[in-house]
Amino acid sequence: MPILTKEAAQALLKKVLAYSKADECEVSIFSGDSGNVRYARNEVSTSGANSKNMLVVSSAFGKKLGTATINEFDDASLEKVVRRAEELARLAPENPEYMPILGPQQYGEGSGGYNKDTAAVDPAFRADAVAKSLTITKQNKLVAAGYLENNMASSAMMNSKGLFAYNSSTDINFSITVRSEDGTGSGYASKAYNDVRKLDAAKETSIAAQKASGSKGAKAIEPGKYTVILEPAASIVLIEQLINNLDARSAEEGRSFLSKAGGKTKLGDKLMDDQVTIYSDPWHPDMPTSPYNNDGRPQEKITWIDKGVVKNMYYSRYWAQKDNVKAIPGPDGFIMEGGTASLEELIKSTEKGILVTRLWYIRPVDPQTLLFTGLTRDGTFYIENGVIKHPVKNFRFNESPVIMLNNVEALGRPERAVSGESNQSAILPPMKLRDFTFTSLSDAI
């Protein structure tokens, strides 16, 4: 079914607000349509589609807030959900951090991530993409498991002070794991785009197949500190932890890697290498995101790390008011600048090191230093004199993205990647780093 247009969403939200008797009322609506196909052992196992709509009503009396949701949009149901939110608000205790809803806001113009070609993806397109993928793995006597999903969605919000915001988006997400028939070699690839024309499932399958064939017969080498080259699919799962921990309140309350004694923070401090610049931009042509966040604040282009210096933190509206600063919302995605070198050129420049194609099972060790542990998988390779010599057994690592980005030797050409941990997208380069800490070996493939 089609997603809600801007006009349809606006009309529905106006109707809902007309039922409100609260001091303040805010209504959000989400509609989405998706299709998917899953395959394993070189055969399609499931195919499906999903359509959903959800409406959320938040009603406030003073600082008492109640929220109710519904997925039925007839008049009786709409009035019922408003009454329910108001009933819950009257029962709720006062929230000392409650902030009045925003009035009208100005949002930048752009696609918001909607692409008509992606919206038109159908079961025949998905079946053809998977058929091409499976042809490659079967011809190479490899075994594949993969997932292809396309989504289109819209979201809108309106409140009793006149705010209205709307966004529509599309995306297509492909991931594949390829194994050798004997199970001793494994490779992985994943991509996500707003524009389906940028996805080449056959190319990604070939990359995963090459890693699977090349990782057979892995040799064990001693854990320790190594020069590494991280592909974007590997580095994103650590760098997203850095971006997700730029919250000002946590820093000021002493709970963050950005904390200093006495409630001070490391805002303005240089924590990383000069080559590290990270920003977010809702209008980036290769990764557009929503022009507003979930409480209606406009999203803007924001530099978070500039040449290694922490330039901005994000704030809730309550904490920004307390600090008397601009309430910068957190980003929906991030972009890390890089260089012009290809992955192959980074490998060629390495005398001794390890190529890591994927990291997974990321878990915190020390939140205040952003120390994390996890495992390599799906193809890890030893580099000597600028060439890949042989595959190596997987490692467990202990590493902080802050330390990691302070040990940058070179950055390659940025590309869009998707996190295997959170499904968050980012644009970031392959990176060559010194002194990456591997703590033990893993028998996993």
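What you see is a predicted model; the values in this text were computed from it and never measured.

(A) Expanded view of the overall build of the protein. A count of helices and strands for the protein gives 10 helices and 21 strands. Taking 2.2 N^0.38 as the reference for a compact globule, 445 residues should give roughly 22 Å; the C-alpha atoms of the protein span a radius of gyration of 24 Å, in line with that estimate. Here the C-alpha coordinates of the protein stretch approximately 70 × 60 × 35 Å along the principal axes. Out of the 445 residues in the protein, the part that is buried amounts to 53%. For the protein, the accessible surface area stands at approximately 20,000 Å², while carbon and sulfur atoms represent 49% of it. Averaging the positions of the 53 positive and the 54 negative side-chain charges in the protein gives two centres separated by 2 Å.

(B) Inspection of the pattern of salt bridges at higher detail. Enumeration according to the criterion identifies 26 salt bridges in this entry. Note that R83 and E79 form a salt bridge whose closest N and O atoms lie 3.3 Å from each other. Linking R83 with E79, this pair stays in helix α2 (residues 75–91), spanning 4 residues, or about one helical turn. Taking relative accessible area as the criterion, R83 reaches 24% and is therefore assigned partly exposed. Under the relative-accessibility criterion, E79 is labelled partly exposed at 34%. We note a salt bridge from R363 to E421, for which the minimum N-O separation is 4.0 Å. Within this pair, whereas R363 is found in strand β13 (residues 359–366), its partner E421 is found in the loop between β19 (415–418) and β20 (425–428), the two being separated by 58 residues in sequence. In this structure R363 comes out as partly exposed when scored by relative accessible area, which is 38%. Several salt bridges share partner residues, and in doing so they unite E97, R249, E253 and R255 into one network.

(C) Layout of the UniProt feature "domain: Metalloprotease TldD/E central" (unreviewed entry) in the protein. As annotated by UniProt and renumbered to match this structure, "domain: Metalloprotease TldD/E central" (unreviewed entry) occupies residues 147–201. Secondary structure over residues 147–201 splits into 2% helix and 69% strand, and the C-alpha atoms at its two ends are 10 Å apart.

(D) Layout of the environment of L238. Following the sequence through the fold, L238 ends up in helix α6 (residues 232–243). Look at L238 and you get buried, because its relative accessible area is 0%. As a C-alpha pair, L238 and Q424 span 186 residues in sequence and 12 Å in three-dimensional space. For L238, the residues in contact, after removing those within four places along its chain, are L359, I362, F372, F397, P401, M404 and F436.

(E) Here's a closer look at the sheet that holds strand β1 (residues 24–40). Strand order across the open sheet formed by 6 strands is β3-β2-β1-β4-β5-β6, with antiparallel pairing between neighbours. A strand with exactly one partner marks an edge of an open sheet, and here the two such strands are β3 (64–70) and β6 (186–193). For this sheet the average axis-to-axis angle between neighbouring strands, irrespective of direction, equals 15°. Helix α5 (residues 201–214) rests against β4 (142–159), β5 (164–180) and β6 of the sheet, and its axis sits at about 35° to β5.

(F) Structural detail: the packing of helix α4 (residues 123–139) against α5. α5 packs onto α4 with a crossing angle of 25° between their chain directions and a minimal axis gap of 8 Å. Compared by their axis directions, α4 and α5 come out roughly parallel. As for the relative orientation of α4 and α5, their crossing is right-handed in sense. In this structure, α4 contributes A129, K132, S133, I136 and T137 to the contact, and α5 contributes A201, A202, T205 and S206. Taken together, the residues that form the contact of α4 with α5 break down as 4 nonpolar, 4 polar and 1 charged.

(G) Highlighting the sheet that holds β20. With mixed pairing, 6 strands are arranged side by side in an open sheet as β10-β9-β8-β11-β20-β19. The sheet is open, and its two edges are formed by β10 (309–310) and β19, each paired on a single side. Relative to β20, β19 runs antiparallel, the two being bridged by 4 bridges. In the sheet register, E415 faces β20, and the bridge partner there is L428. Strands β8 (278–280), β11 (334–336), β19 and β20 of the sheet are contacted by α6, whose axis makes an angle of about 110° with β20.

(H) Seen up close, α5. In a regular helix each residue adds 1.5 Å, so 14 residues correspond to 20 Å; α5 covers 20 Å between its end C-alpha atoms and thus fits that length. Those residues of α5 that fall on the buried side of the exposure criterion are A201, E204, T205, A208, A209, K211 and A212. Along the axis of α5, the buried residues cluster in a sector spanning 160°; they form a single face. Turning to α5, the residues buried within the fold contact α4, β4, β5, β6 and β15 (380–384). Between the side-chain oxygen of the N-cap and the backbone nitrogen of A202 there are 3.3 Å, and the N-cap of α5 in question is D200.

(I) Just the side chain of K191, in detail. On the secondary structure map, K191 appears in strand β6. Judged by its relative accessible area of 9%, K191 is buried. Within the structure, K191 has its side chain in polar contact with the backbone oxygen of R416 (distance 3.1 Å). Residues in contact with K191, not counting those within four places in the same chain, are I172, N173, F174, L199, E204, E415, R416 and V418.

(J) Structural detail: the nonpolar core. In this structure, I278 and L405 are the most contacted members of the largest nonpolar core, which totals 54 residues. If you tally residues by element for this core, the top one is α6, at 7 residues. The contacts of I278, once residues within four sequence positions are left out, are I239, L242, I243, T303, W304, I305, F334, I335, M336 and L405. Counting residues in each nonpolar core, the second largest holds 22 residues, with L4, C25, V81 and F164 among its members.

Thresholds applied
- Residues numbered from 1 in each chain as written.
- Predicted model: local features only at pLDDT ≥ 70, side-chain atom pairs only at ≥ 80, totals over all residues.
- Heavy atoms only, no water.
- Helix = DSSP H or I, 4+ residues; strand = E, 2+ residues; numbered from the N terminus.
- Rg over C-alpha atoms; globule rule 2.2 N^0.38 Å.
- Buried < 20%, exposed > 50% of the residue type's maximum accessible area, 1.4 Å probe, protein only.
- Areas by Shrake-Rupley, 256 points an atom, 1.4 Å probe, with all protein chains shown as cover.
- Lys, Arg positive; Asp, Glu negative; His and termini not counted.
- Charge placed at Lys NZ, Arg CZ, Asp CG, Glu CD.
- Salt bridge = Lys/Arg side-chain N within 4 Å of Asp/Glu carboxyl O.
- UniProt positions renumbered as here; feature names shortened; annotations may be inferred.
- Contact = heavy atoms within 4.5 Å.
- Pairing = 2+ DSSP bridges.
- Axes fitted to C-alpha atoms, helices over the stretch in contact; angles between N-to-C directions.
- Parallel < 35°, antiparallel > 145°, perpendicular 65-115°, else oblique.
- Left-handed = near helix turned anticlockwise from the far one by under 90°.
- Nonpolar A, V, L, I, M, F, W, Y, C, P; charged D, E, K, R; others polar.
- Expected span 1.5 Å × (residues − 1).
- Arc of directions from axis to C-beta.
- Polar contact = N/O pair within 3.5 Å; in protein donor to acceptor, adjacent residues only side chain to side chain.
- Core = buried A, V, L, I, M, F, W, Y, C linked by side-chain atoms within 4.5 Å.

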